[in-house]
Amino acid sequence: GNDVFIKLHEENKERRANVERWCREEAMRKVEEELRECTFQPRTNASEILVEQLRGDIGQSLYDRAMEAQARRQAREAEAAQRREREMLHECTFRPRLVACQGSAAAAPQHRR
């Protein structure tokens, strides 16, 4: 009775090992098949990486870079607006001369009855 139990137990262990091995091999086959379908291989260029490092873009999120670009654009636009306003004022030839009034009587209108 005991020999039959041991024999069945050993056969069961061997069957389990075979099933586990088959599952691992099947999983590896699926991965290899998926990888065969992948044709994209990134090309890295050392000079591009160097340029990014010099600009400080590495390690910075896309959002942060976009926000910095927006701030630079707004600064350029504000500077251009100020320059246009200066140019427009430079073209103005009329310069009014303001004369200060003497005494408070001239400054405030007088009413007669």
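To be clear, the structure that these remarks concern was listed above.
Anyway, here's the lowdown on the structure attached to this text. (Residues numbered from 1 in each chain as written. Predicted model: local features only at pLDDT ≥ 70, side-chain atom pairs only at ≥ 80, totals over all residues. Heavy atoms only, no water.)

**What about the overall build of the chain?**
1) Next: Scanning the chain from N- to C-terminus turns up 4 helices and 0 strands.
2) Next: When the elements of the chain are put in sequence order from the N terminus, they spell out α-α-α-α.
3) Next: Expressed as a percentage of its 113 residues, the buried residues of the chain come to 3%.
4) Next: As presented, the chain carries roughly 11800 Å² of accessible surface, and 54% of it is formed by carbon and sulfur atoms. (Helix = DSSP H or I, 4+ residues; strand = E, 2+ residues; numbered from the N terminus. Buried < 20%, exposed > 50% of the residue type's maximum accessible area, 1.4 Å probe, protein only. Areas by Shrake-Rupley, 256 points an atom, 1.4 Å probe, with all protein chains shown as cover.)

**Focus on the pattern of salt bridges**
1) Next: On inspection of all chains with the given rule, the structure shows 1 salt bridge.
2) Next: Its salt-bridge partner being Arg 29, residue Glu 26 comes within 2.6 Å of it at the nearest N-O pair. Of this pair, Glu 26 and Arg 29 both sit in helix H1 (residues 2–37), 3 residues apart, which is roughly one turn of that helix.
3) Next: Using a relative accessible area of 25% as the deciding quantity, one classes Glu 26 as partly exposed.
4) Next: Relative accessible area serves as the criterion here: at 39%, Arg 29 is assigned to the partly exposed category. (Salt bridge = Lys/Arg side-chain N within 4 Å of Asp/Glu carboxyl O.)

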